[in-house]
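Reading the structure
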Amino acid sequence: MSQELLSSLALFVLAILVGFEVISKVPATLHTPLMSGANSIHGIVLVGAMFIAAAADNPLSYALAFVAMVFGAANVVGGYVVTDRMLLMFRKRPAAKKPETGDAERASGNA
Amino acid sequence: MSSEWLYTIAFFAWLVGAAAFVLGLHRMNSPATARNGNLLSAGGMAVAVGATLVYLATRPGGLSGVAWAIITVGFLIGGGAGLWLARTVQMTAMPQLVSLFNAVGGGAAALVAIDDYLRISGTAEATVDTTIFVVLGAVIGCVTFSGSLVASGKLQGLISGKPIAVPGGRLVTIGLAAVTLVGLVVLVLEAASTIHLGGGLSALVLGLMVAAGLAFGVTMVLPIGGADMPVVISLLNSFTGTAAAMAGFVIANPVLIIAGALVGASGGILTKLMADAMNRSIVNIIAGGFGGGEDTVPAAAGTGGSVRSVNADDVAIELAYAANVIIVPGYGLAVAQAQHAARELAELLEERGVDVKYAIHPVAGRMPGHMNVLLAEANVPYPQLREMDEINPEFARCDVALVIGANDVTNPAARRPGSPVSGMPILDVDQAGSIVVIKRSMGRGYAGIDNELYANPKTGMLFADAKDGLGQLIAAVKAL
């Protein structure tokens, strides 16, 4: 294996341990938002979709990259917005229930 | 700027994103910081995605017009659809939406891996280890894509929530796994130059594996009953994270590897927590359907016997003059959108000096913690929400247990062997002084068995939709 791959493997193993450590402390009350939040994080595969879009040079690759972009973007934007909506409900004040979308706008503004 | 510098800057931005994911998840520890944590995680995502775009556009060669079009149009369409769905979905339909987002995430990971394989196969880049990661990413992504779609369809009611036997059952599953394994070996041998297939043939092998992965996702989830869906969604969530990490290995991208591993680990832990809450092993859930199976033992004789029907006025008097009331909300409450009515009734009772608590079973609703979200939406103060272990000893001391649309999680049959719910931890509702069940009919829950609680002489059944029933109770309590 290449040195790069070995470093990546080390990163992978350490990140799994960090994941165990961080998540096992979350109370049951927040399990649904947590699942949803973790769900949005794997939307990071959008970065992979951008890489294949950049490398695409034939119609099949264009199509695969396009669908991957659509899927990944739906995962990221939808995931964060729906998690935010859930978490808004944990506020004590009976505030106006207008969903805030600051996170989504930030995400789309940068991409 | 040299391209090496550009890459270093992008790499730092990816690390910032990865750190934000870890810290964001960490802040989900408490309701007070959870929202902030999610925003931090979203910010990290924006930094990572933004940095990738800048890096791709400014590195030598840059982005072609077509690539720009794919990235921007794809993002706008996908992001727009996600935003619309996320903002319009009812809180009760959230589990299927999360499952849908999980499906597209897995699909994206699979597509990235497939495209990568098509690009590198037959070139010097197609080393043995890269091939393994690419192929694993493609297959795992496909399994989560089709599996999550089926899970989402089951929760939405598009596909029957009952376990559906796959013709051929276990054999088909084993066959599909074998196709995938053989395919992996063939492609690895090809990458090691032991055999020579040529581009077309190796693409065909990958195509077969993708098809097997898609079919595997369907045959894995179809036989699993609706009651186990939260565990399955959580497991598939973990798979998607792993698939994203595999894609990260291929393009040597740290943020994909860290984020994917984080999600893989968190999904794994949540899956285990959920399975523990139902006292079932993950293997047991995946291997066999829940309820409705051929080996289901009928509930003990005597259930389905006489049940006592009560009216709202009687229940209102009982509740208003009780000292302790425990409300047991279940999925029926969520479906009827009755969480606000439940809170209103609880407040009325508290004004009369009644001590009201909510007993939350870990799998109430359809995802772990789903009921907490629904009650929080109705502004129920969370100190009143009690988890199962904490509330169970209190049932013996409470005057009235008000069960609203909950079924299997209150079934005393779970304490005896031989029932499909055997061994599942339940709320000890039958210990309460008096029990009132608001339910539309004598219909069965997900486990498909009769609830012995309903035949208990202490139990009064108020046959009504959760919202109507609570409405009647509120009116009756006000009239006292």
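Numbering of residues starts from 1 in each chain and follows the order in which that chain's sequence is written. The order in which chains are written sets their letters, starting at A; the order in which ligands are written sets their numbers, starting at 1. Since the coordinates come from a predicted model, pLDDT governs what is reported: local features require at least 70, and pairs of side-chain atoms require 80 or more to be given and counted, while whole-chain, interface and lining totals use all residues. Excluded from the side-chain calculation are hydrogens and water; included are all heavy atoms of the structure.

Some words on the overall build of chain A
- Numbering of helices and strands runs from the N terminus, with a helix taken as a DSSP run of H or I at least four residues long and a strand as a DSSP run of E at least two residues long. Summing up its helical and strand segments, chain A has five helices and zero strands in all.
- Mapped from its N terminus to its C terminus, chain A presents α and β elements in the order α-α-α-α-α.
- The proportion of buried residues among the 111 residues of chain A is 59%.
- We call two residues in contact when some of their heavy atoms are within 4.5 Å. Taking the intrachain contacts of chain A between residues at least 6 apart in sequence as the baseline, contacts between residues at least 24 apart amount to 58%.
- For chain A, the exposed area adds up to about 4,300 Å²; of that, 63% sits on carbon and sulfur atoms. Only protein chains enter the accessibility calculation, which uses a 1.4 Å probe; a residue is then buried when its area is under 20% of its type maximum, exposed when over 50%, and partly exposed in between. Reported accessibility uses the Shrake-Rupley method at a 1.4 Å probe radius. Residues are deemed covered only where the shown protein chains occlude them.

Describing the overall build of chain B
- When helices and strands are counted, chain B shows 16 helices and eight strands.
- Referenced to the eigenvectors of the C-alpha coordinate spread, the extents of chain B come out at roughly 80 × 50 × 35 Å.
- Expressed as a percentage of its 480 residues, the buried residues of chain B come to 57%.
- A separation threshold of at least 6 residues defines the contact pool for chain B, and within that pool the share at least 24 residues apart is 76%.
- Total accessible area on chain B stands at roughly 17,800 Å², and carbon and sulfur atoms take up 63% of it.
- When the 25 basic and 31 acidic side-chain charges of chain B are each reduced to a single mean position, those positions are 2 Å apart. Neither His nor the chain ends contribute to the count of charged residues, in which Lys and Arg are positive and Asp and Glu negative. By convention, the charge on Lys lies at NZ, on Arg at CZ, on Asp at CG and on Glu at CD.

Considerations on the pattern of salt bridges
Residue and element names in this part refer to chain B.
- The rule for a salt bridge is simple: a side-chain nitrogen of Lys or Arg has to be within 4 Å of a carboxyl oxygen of Asp or Glu. Evaluated as defined, the whole model comprises 11 salt bridges over all chains.
- Residue Arg415 pairs with Asp430 through a salt bridge whose shortest N-O separation is 3.0 Å. With Arg415 in the loop between β6 (400–404) and β7 (434–439) and Asp430 in the loop between β6 and β7, this pair connects stretches of sequence that are 15 residues apart.
- Look at Arg415 and you get partly exposed, because its relative accessible area is 43%.
- On the accessibility criterion, Asp430 (14% relative accessible area) is buried.

A closer look at the environment of B:Val315
All names here are of chain B.
- Looking at the element boundaries, Val315 is found in helix α11 (residues 312–320).
- For the pair Val315 and Ile435, spaced 120 residues apart in sequence, the C-alpha to C-alpha distance is 9.8 Å.
- Setting aside residues no more than four positions away along its own chain, Val315 makes contact with Val310, Val436 and Leu473.

Describing the interface of chain A and chain B
- The interface of chain A with chain B comprises 91 residues on the first partner and 102 residues on the second.
- Buried area is a sum: the accessible area each of two parts loses on coming together, probed at 1.4 Å, counted once for each and added. In this assembly, chain A packs against chain B so that about 8,800 Å² is buried in total across both faces, 78% of it on carbon and sulfur atoms.
- Broken down residue by residue, the surface that chain A buries against chain B is led by A:Met35, A:Ile44 and A:Phe51, which jointly contribute 8%.
- Linking chain A with chain B are one salt bridge.
- Its salt-bridge partner being B:Arg35, residue A:Asp84 comes within 2.8 Å of it at the nearest N-O pair.
- Definition of a polar contact: a pair of N or O atoms within 3.5 Å, with one able to donate and the other able to accept a hydrogen when the atoms are protein atoms, and with sequence-neighbouring residues admitted only if both atoms are side-chain atoms. Connecting chain A to chain B are 11 residue pairs in polar contact (both at pLDDT 80 or more).
- Among the elements of the structure, α1 (3–23), α2 (31–41), α3 (45–55), α4 (59–88) and α5 (102–110) of chain A are those that each provide at least two residues to the side of chain A that touches chain B.
- Considering each element in turn, the side of chain A that touches chain B owes the most residues, 28 residues, to α4(A).
- Its residues placed into classes, the side of chain A that touches chain B shows 58 nonpolar, 22 polar and 11 charged. Any residue that is not Ala, Val, Leu, Ile, Met, Phe, Trp, Tyr, Cys, Pro, Asp, Glu, Lys or Arg is counted as polar, Gly included; the first ten are nonpolar and the last four charged.

As for the sheet that holds strand β4 (residues 355–360) of chain B
Residue and element names in this part refer to chain B.
- Being paired, for any two strands, means DSSP has found at least two bridges between them. Pairing is parallel in the open sheet, where seven strands are placed in the order β2-β8-β7-β6-β3-β4-β5. Two strands close off the open sheet at either side, each with one partner strand: β2 (308–309) and β5 (385–387).
- Pairing geometry for β2 and strand β8 (residues 459–463), over two bridges, is parallel. Note on β8: the bridge partner recorded for Arg308 is Gly460.

Looking at a nonpolar patch on the surface
Residues and elements named next belong to chain A.
- Nonpolar side chains collect at one region of the surface, where Val13, Leu14, Leu17 and Phe20 lie side by side and expose about 370 Å² of accessible area between them.
- As for its placement among the helices and strands, Leu14 is situated in helix α1.
- Overall, Leu14 belongs to the exposed group, its relative accessible area being 53%. Nonpolar side chains (Val, Leu, Ile, Met, Phe, Trp, Tyr) within 5 Å and like charges within 9 Å form the patches, drawn only from residues with over 30% relative accessible area and no salt bridge.

Regarding the nonpolar core
All names here are of chain B.
- In this structure, Phe395 and Leu473 are the most contacted members of the largest nonpolar core, which totals 188 residues.
- Non-local contacts of Phe395, meaning those with residues more than four positions away in its chain, are made with Ile326, Val328, Ala359, Ala401, Leu427, Asp428, Val429, Gln431, Ala432 and Gly433.
- Ala413, Ala414, Val421 and Ile426 belong to the second-largest nonpolar core, a separate cluster that totals five residues. Throughout, nonpolar core names a set of buried Ala, Val, Leu, Ile, Met, Phe, Trp, Tyr and Cys residues whose side chains join them through atoms within 4.5 Å.

Some remarks on the confidence of the model for chain A
- A residue-level look at chain A finds 77% of positions with pLDDT of 70 or above and a mean pLDDT of 80.
- Counting interchain partners and residues more than four positions distant, the pLDDT-below-50 stretch residues 93–111 of chain A has 35 contacts. By definition, pLDDT measures how confident the predictor is in each residue, and it falls between 0 and 100.

What about the packing of α4(A) against helix α3 (residues 65–88) of chain B?
- All axes are obtained by fitting lines to C-alpha atoms, using only the stretch in contact for helices, and the reported angles, taken between N-to-C directions, cover 0 to 180 degrees. In the contact formed by α4(A) and α3(B), the axes pass within 6 Å of each other and the chain directions differ by 35 degrees. α3(B) is crossed by α4(A), and the crossing has right-handed handedness.
- Taken together, the residues that form the contact of α4(A) with α3(B) break down as 18 nonpolar, six polar and two charged. Each helix crossing is assigned a hand: it is left-handed if the near helix lies turned anticlockwise from the far helix by less than a right angle, otherwise right-handed if that turn is clockwise.

Description of α3(A)
- The element α3(A) is extensively covered by neighbouring structure, given that 10 of its 11 residues are classed as buried.
- Among the residues of α3(A), those classed as buried are A:Val45, A:Leu46, A:Val47, A:Gly48, A:Ala49, A:Met50, A:Phe51, A:Ile52, A:Ala53 and A:Ala54.

Observations regarding the packing of aromatic side chains
- Each Phe, Tyr or Trp ring, with Trp reduced to its six-membered ring, pairs with another whose centre is within 6.5 Å; inter-plane angles below 30 degrees give stacked pairs, above 60 give edge-to-face pairs, and intermediate values give tilted ones. With the rule as written, the count across this model stands at 10 aromatic pairs over all chains.
- Here the aromatic rings of A:Phe51 and B:Tyr55 are separated by 6.3 Å at their centres, their planes lie at 45 degrees, and the arrangement is tilted. Taken together, the positions of A:Phe51 in helix α3 and B:Tyr55 in helix α2 (residues 31–58) put the pair across two chains.
- Residue A:Phe51 is classed as buried on the basis of its relative accessible area of 13%.
- Where B:Tyr7 meets B:Phe11, the ring centres are 5.9 Å apart and the plane angle is 55 degrees; that geometry is what we call tilted. Separated by four residues within a single helix, B:Tyr7 and B:Phe11 lie in helix α1 (residues 3–27), roughly one turn from each other.
- Among the aromatic residues, those joined into a ring-pair cluster are A:Phe51, B:Tyr7, B:Phe11, B:Trp14 and B:Tyr55.
- Its guanidinium or amino end placed over the ring of B:Tyr321, B:Arg352 lies 5.6 Å from that ring's centre, counting from NZ or CZ. By definition here, charges over rings are those cases where NZ of Lys or CZ of Arg is within 6 Å of the ring centre and within 35 degrees of the ring normal.

Digging into the side chain of A:Ser8
- Tracing the chain through its elements places A:Ser8 in helix α1.
- If we ignore the near neighbours within four places in the chain, the residues touching A:Ser8 are B:Phe249 and B:Ile257.

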